[in-house]
Amino acid sequence: MSTKFILIIFITLGTYSLQIEAQNPKNLNIANTKMVLIESGYYTPLFRQNGNSEKEFVQSFYIDIHAVTNEQFLQFIKANTEWTRSKVKKIFADDSYLKDWKSDYNPGENVNPSAPVTYVSWFAAKAYSKWVGKRLPTMAEWELVAMAGKNNRGPNKDEKFNENLIRWYLAELPKQLDKVMSDEKNYWGVYDMFGLIREWTFDFNTANINGTAICGGGSAGATDLTNYPAFLRYGFNSCLSANSDLGNLGFRCAKDAK
Amino acid sequence: MKKYLLIIPTAVLIIGAVYFLGSGNNNSEKSQLVGKNTGAAEVTKPDEDDCCKAVNISEGSYTDMSIYLSNGKWTDQDGHKTELGNFKNRNVLLAMFFANCQSACPVIVNDMKIIEKTIPENKRDNYRFVLVSIDPERDTPAVLKDYAKDYNLKSPNWTLLTGSKNDIMELAMMLGFKYSKNNSGGFTHTNLISFLNDKGEIIFQNDGLVVDMGSVSKTISKLNELL
């Protein structure tokens, strides 16, 4: 009778610990970045699509205060093994996927666990966002956050800021990325919109459908010809495929404000 | 006496279990990367069901470059729920469109009908023609049904699909199709007809409103040989 009782406890405990592994509340906790509310506002797209007015209204939403880190992405992979480097399907991520990691479940000592994860595709970023109950920000949302200065909502017209930005966009990739939140936060309390990595957005390649080749550097149809950093951003985006994995490209998550 | 001997290990086990669970939570708090937050913060626990279903890919049944690996859930013009994988084992011509589109989409549909006619009649059942809407708010199954009627697109050869914005974007990304909503209620979009083989792999794409008939007939001959 008592032996049976102990056996039951053993089995219950065993089953319970297996359940923990499957549900991964710990993994999810680590993967879930703190968010801040971004109030609704207007953002001016660099390129006007047919029939679009100059300004675009963006509803309020929540955004992660920092980009998803290597450590966080590892939690996602542990819970969703089809996203390991060896198992990922080519249509979702090209050969460069997580190429700076040592192995499937080990980023290795060359990668800072607190630095943003890069070499991740749009599909991987989207799957991660869904797993933590969030989504990728739209490009309009991302740009709305990015145009804020340190003490204002922007648009940030500071020449020095733009100069630095251009320098950064054209700079080579550092050997190892810095950890997130090393720089100052902006007006919204959001870190690293610039200076660390570029980021995926949900509709990253929709900026310029009309056929103006900004992949090559054209400028017809642009609303603000002085906004060179935006050119660089749009140009970069329109050259990407959703399964691209690049060393300077990561992501952060967003969520509807209800 | 024998009973007491059993109670001790049981108690140890329970204490151990409690400690184990507790330490798990502590670790996660410790390693959580959060800054001092000034604005309105929200950390919502994700839905657990959602977590594990999210990337439930049917392992092994599709090749690495098959668009059928997508988890998208679709509804056809008859209101039936379906998945793109249901087109497996057939050749597929697929285009994204919206019913209110006055300019490019009717041209695309017409191009697909012209291509259909170039396929020998005894081979036509090996093909499916699929139109996926990018305008799920307006393109309900009933609207799609009317559209099919207006353009004389007969089932089962022709399927018109609608889905969630999320699934539509994912499919667009897989195909390399670009679209963006404009303020006049329509969409700006690229014009793309994708040819899929029986495994759901893209083997040719006609980009633009002019059909490259040379490449299309080569593609059709290749597809006819394979099936």
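From a predicted model like this one, the values you see are computed outputs, not experimental measurements.

Caption draft 1: The arrangement of the overall build of chain B in detail. The secondary structure content of chain B amounts to six helices and nine strands. With 227 residues in all, chain B has 46% of them scored as buried. The long-range fraction of contacts in chain B, counting pairs at least 24 apart against all pairs at least 6 apart in sequence, stands at 68%. Here chain B has roughly 11800 Å² of accessible surface; of this, 53% comes from carbon and sulfur atoms.

Caption draft 2: View of helix 4 (residues 141-150) of chain B. Residues and elements named next belong to chain B. Within the span of helix 4, buried status applies to Leu144, Tyr147 and Ala148. Buried residues of helix 4 fall within an arc of 100° about the axis and therefore sit on the same side. Within helix 4, the exposed residues directed more than 90 degrees away from the buried face are Ala142, Lys149 and Asp150. Elements that come into contact with the buried residues of helix 4 comprise strand 3 (91-97), helix 3 (104-118), strand 4 (127-133) and strand 5 (158-163). The first or second residue beyond helix 4 is Asn152, which carries a positive phi of 55°.

Caption draft 3: Spotlight on the pairing of strand 4 of chain B. All names here are of chain B. Summarising burial for strand 4: seven of the seven residues are buried, a large majority. Alternating positions in strand 4 separate into two faces, Tyr127, Phe129, Leu131 and Ser133 on one and Arg128, Val130 and Val132 on the other, with burial throughout. The parallel pair strand 3 and strand 4 is bridged by helix 3, and the resulting crossover is right-handed. By the bridge criterion, four bridges tie strand 4 to strand 5 in an arrangement that is parallel. Looking at the pairing, Phe129 lines up with Trp158 of strand 5. Traced from strand 4 through helix 4 to strand 5, the parallel crossover comes out right-handed.

Caption draft 4: Just the sheet that holds strand 4 (residues 61-64) of chain A, in detail. All names here are of chain A. Taken together, the three strands give an open sheet; going across it, the order is 1-4-7, and neighbouring strands pair in antiparallel fashion. Looking along the sheet, the strands with just one partner apiece sit at the ends: strand 1 (35-38) and strand 7 (254-256). In this sheet, adjacent strand axes meet at a mean angle of 25° when their direction is disregarded. Two strands pair when backbone bridges link them, and strand 1 and strand 4 are joined in this way by four bridges, in the antiparallel orientation. Within strand 4, the residue paired with Leu37 across the bridge is Tyr62. Taken strand by strand, helix 5 (residues 139-146) contacts strand 1, strand 4 and strand 7, and its axis lies near 70° from that of strand 4.

Caption draft 5: Local environment of unusual backbone geometry. Going from Gly154 of chain A to Pro155 of chain A, the amide bond is cis rather than trans, its omega being 5°. With respect to the helices and strands, Pro155 of chain A occurs in the loop between helix 5 and helix 6 (159-170). The linkage connecting Ser155 of chain B with the following residue, Pro156 of chain B, adopts the cis geometry, with an omega of 10°. Inspection of the secondary structure puts Pro156 of chain B in the loop between helix 4 and strand 5. Even without a glycine there, the phi angle at Leu98 of chain A is positive, about 50°. Summarising the element assignment, Leu98 of chain A is placed in the loop between helix 3 (70-79) and helix 4 (122-131).

Parameters and conventions
- Residues numbered from 1 in each chain as written.
- Chains lettered and ligands numbered in written order.
- Predicted model: local features only at pLDDT ≥ 70, side-chain atom pairs only at ≥ 80, totals over all residues.
- Heavy atoms only, no water.
- Helix = DSSP H or I, 4+ residues; strand = E, 2+ residues; numbered from the N terminus.
- Buried < 20%, exposed > 50% of the residue type's maximum accessible area, 1.4 Å probe, protein only.
- Contact = heavy atoms within 4.5 Å.
- Areas by Shrake-Rupley, 256 points an atom, 1.4 Å probe, with all protein chains shown as cover.
- Arc of directions from axis to C-beta.
- Right-handed = clockwise from strand over helix to strand, strands pointing away.
- Pairing = 2+ DSSP bridges.
- Axes fitted to C-alpha atoms, helices over the stretch in contact; angles between N-to-C directions.

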